[in-house]
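# Notes for the structure review
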Amino acid sequence: MHIVEITAGHVWTIVAAAMVFFMTPGLALFYGGMTRAKGVLNMMMMSFISIAFVSVVWVLWGYSMSGGDPLLGGLTGSPVPSFALADIMGSEDLLGAAYGGTFAIITVALISGAIADRARFGAWAVFVPVWATLVYAPLAYMVWGGGLLTEDGAVGSAIGEAIDFAGGLVVHINAGVAALILILIVGARQGFGKDPSQRPHNLPLVMLGAAILWFGWFGFNAGAAGTAEQAGLIWINTLVAPSAAMLGWLLTERIRDKHATSLGAASGAVAGLVAITPACANVSPVWAVVIGFVAGICSALAVGLKYRMRMDDSLDVIGVHLVSGVVGTVALGFVALPSEGTAGLFYGGGSGLLLTQVVAVLVSVLYCAVLTFVIAFVIDRTIGFRIPERDEIDGIDITQHAESGYALAGDATGSFSPGRHVPGRDAASFEPGRSEPVHS
């Protein structure tokens, strides 16, 4: 076996992969704090079960599908060549496989926030490995693995290769579209837009989760940097874009609602991180500020629309990840630096890159929407995606997991016995005093 001495680059890949992995527990905290008290454990478990299933899928066939021999005209790679990572054992390619696996994990976990409080845990557990196999891995191949949207792919060779450095298409637009489809299949929560209890129960938990996400995002974006100069640009952009987005979101709240909220600050930062993800290595810091600020405003406005549209995106996956993902991906068509590859429209590159980015968005949306609908529809028609109305009212933590997140004064959560449901005797009875929906 050929031994390769470990280098600083190898160490950075290990550290970056660990940072990205840590983002999924951070997401569990971020999402968990945004739910009601009686749904925090279920929300966190949806992230943790994503870690378990996607890790196994990635090692067995997901990694191979994201970069193997082309199948179906470049829609996906073959699951055979690197099955169980057999062909890269003993090579440094294992580091790349590890890093890529953490992206697959968090992409699937992101979707869960759209259907908080009302999805059967068993149905979600089936959805996760199937979606990772049929949607995530193929789209990763299309964008990064030599498939449809790359330079040699059918679409890329015709209109140019799409730029997606760290996952605007593969991660955020993909997750946002899947969230939209699941909402249409599963439906809205009982009392959506009317029940004042449907608001975050623990905002410090949300802020902590957002901080962990932001920390991990430096590894998410800069983990694949090829040079010190590129890594520096990515790091600065990953700092300044979410900062500008936070300001944009809070300004929107201040004008619209007359107050700036901690939830808005956390959500704005995440929106900016989403927007800069595809563009982090290809735009200047000044344009990163602009992209972040625009994304913060657009996502804040999009989140406010969900009540008017009767679209119960519980934790704002569509408003934050789909909207800001599109903003950042399309913005490259205007402001991509010529020194980093194909120039954007504002740098004399013409409209070619803009067309490429728009088409890449449309292809990603269409592929994800169709496949996600088929997967979710089959699951819903067989085992059922939605918990019963009574279980939803009593609390998904108790009814799906026989546990409660909090033992609060006046509650008898400790007396609950698996198999014996006691309505009203769980953490659901605690509801803080705020009486209006989070985003109106």
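Residues numbered from 1 in each chain as written. Predicted model: local features only at pLDDT ≥ 70, side-chain atom pairs only at ≥ 80, totals over all residues. Heavy atoms only, no water.

## A short note on the overall build of the protein chain
Note the following rule: A run of H or I in DSSP counts as a helix once it spans at least four residues, and a run of E counts as a strand once it spans at least two, with each numbered from the N terminus. Only protein chains enter the calculation, and the probe is 1.4 Å; a residue is then buried if its accessible area is under 20% of its type maximum, exposed if over 50%, and partly exposed in between. Should any heavy atoms of two residues lie within 4.5 Å, those residues are counted as being in contact. Each accessible area is a Shrake-Rupley result for a 1.4 Å probe, and residues are judged covered by the shown protein chains and nothing else. Counted as positive: Lys and Arg. Counted as negative: Asp and Glu, with His and the chain ends omitted from the count. Every charge is mapped onto a representative atom, which is NZ of Lys, CZ of Arg, CG of Asp or CD of Glu.
Looking only at helices and strands, the protein chain features 14 helices and two strands. In terms of its C-alpha atoms, the protein chain occupies a principal-axis envelope of roughly 60 × 55 × 40 Å. Burial analysis of the protein chain (440 residues in total) assigns 56% to the buried set. In the protein chain, once contacts between residues fewer than 6 apart in sequence are set aside, the share between residues at least 24 apart is 75%. For the protein chain, the exposed surface amounts to about 16,700 Å²; the carbon and sulfur share of it is 69%. The centroid of the 19 positive side-chain charges in the protein chain is displaced by 18 Å from the centroid of its 29 negative side-chain charges.

## Remarks on the packing of helix 1 (residues 8–34) against helix 7 (residues 203–222)
How we decide: Lines are fitted to the C-alpha atoms to define the axes, a helix being fitted only along its stretch in contact, and any angle between axes, read from their N-to-C directions, falls within 0 to 180 degrees. An angle below 35 degrees is read as roughly parallel, one above 145 as roughly antiparallel, one from 65 to 115 as roughly perpendicular, and any other as oblique. Handedness of a crossing follows from how the near helix is turned relative to the far one, being left-handed for an anticlockwise turn of less than a right angle and right-handed for a clockwise one. The classification used treats Ala, Val, Leu, Ile, Met, Phe, Trp, Tyr, Cys and Pro as nonpolar, Asp, Glu, Lys and Arg as charged, and all other residues, Gly among them, as polar.
With their axes 7 Å apart at the nearest point, helix 1 and helix 7 run at an angle of 155 degrees to one another. With respect to their mutual orientation, helix 1 and helix 7 come out roughly antiparallel. Judged by the twist between their axes, the crossing of helix 1 over helix 7 is left-handed. When its residues are assigned to classes, the contact of helix 1 with helix 7 shows 21 nonpolar, six polar and no charged.

## Some words on the packing of helix 2 (residues 40–65) against helix 3 (residues 93–111)
Remark: helix 2 packs on helix 3, axes separated minimally by 9 Å, with the N-to-C direction vectors making an angle of 140 degrees. As the angle between them shows, helix 2 and helix 3 are arranged oblique. Handedness of the helix 2/helix 3 crossing: right-handed. Within the contact between the two elements, helix 2 uses S47, S50, I51, V54, S55, W58 and Y63 and helix 3 uses D93, A97, G100, G101, A104, I105, V108 and A109. For the contact of helix 2 with helix 3, the residue count by class is nine nonpolar, five polar and one charged.

## Some remarks on the nonpolar core
Within soluble globular proteins, side chains that are nonpolar generally end up buried alongside one another. The test is simple: The criterion is simple. A nonpolar core is a set of buried Ala, Val, Leu, Ile, Met, Phe, Trp, Tyr and Cys residues joined through side-chain atoms within 4.5 Å.
Counting 114 residues, the largest nonpolar core has F30, I111, W124, F127, W131, F220 and F385 as the members making the most contacts within it. Look past the residues within four positions of F220 in its chain and what remains in contact with it is V20, M23, Y99, F103, I106, A166, V171, H172 and T277. If you look at the next biggest cluster of nonpolar residues, it comprises six residues, including L29, V40, M44 and L205.

## So, unusual backbone geometry
The residue A84 is not glycine, and still its phi comes out positive at about 60 degrees. On the secondary structure map, A84 appears in the loop between strand 2 (76–77) and helix 3. You will see that A402, though not glycine, has its phi angle at about 55 degrees, which is positive. For A402, the position within the fold is in the segment after helix 14 (396–401).

## Quick notes on the pattern of salt bridges
Stated formally: A pair is scored as a salt bridge if a Lys or Arg side-chain nitrogen falls within 4 Å of a carboxyl oxygen belonging to Asp or Glu.
Using the criterion set out here, one finds 10 salt bridges in the structure. For D117, the salt bridge is made with R189, and the minimal N-O distance between the two is 4.0 Å. Remark: R189 occurs in the loop between helix 6 (168–186) and helix 7 and D117 occurs in the loop between helix 3 and helix 4 (121–144); sequence separation between them is 72 residues. For the residue pair D117 and R189, the accessibility class agrees, reading buried in each case. Sharing partners across several salt bridges, the network here consists of R36, D117, R118, R189, D195 and D312.

## What to know about the packing of aromatic side chains
Basically, it comes down to this: The criterion for an aromatic pair is that two Phe, Tyr or Trp rings (for Trp, the six-membered ring) have centres within 6.5 Å, with stacked assigned to planes under 30 degrees apart, edge-to-face to planes over 60 apart and tilted to the rest.
Applying the stated criterion to the full structure yields 15 aromatic pairs. For the ring pair Y99 and F103, a centre distance of 5.0 Å and an interplane angle of 70 degrees mean the geometry is edge-to-face. With a gap of four residues between them, Y99 and F103 both fall in helix 3, about one helical turn apart. Per residue, the accessibility class of Y99 equals that of F103, and both read buried. Between F127 and F385 the ring centres are 6.1 Å apart and the planes differ by 65 degrees, which places this aromatic pair in the edge-to-face class.

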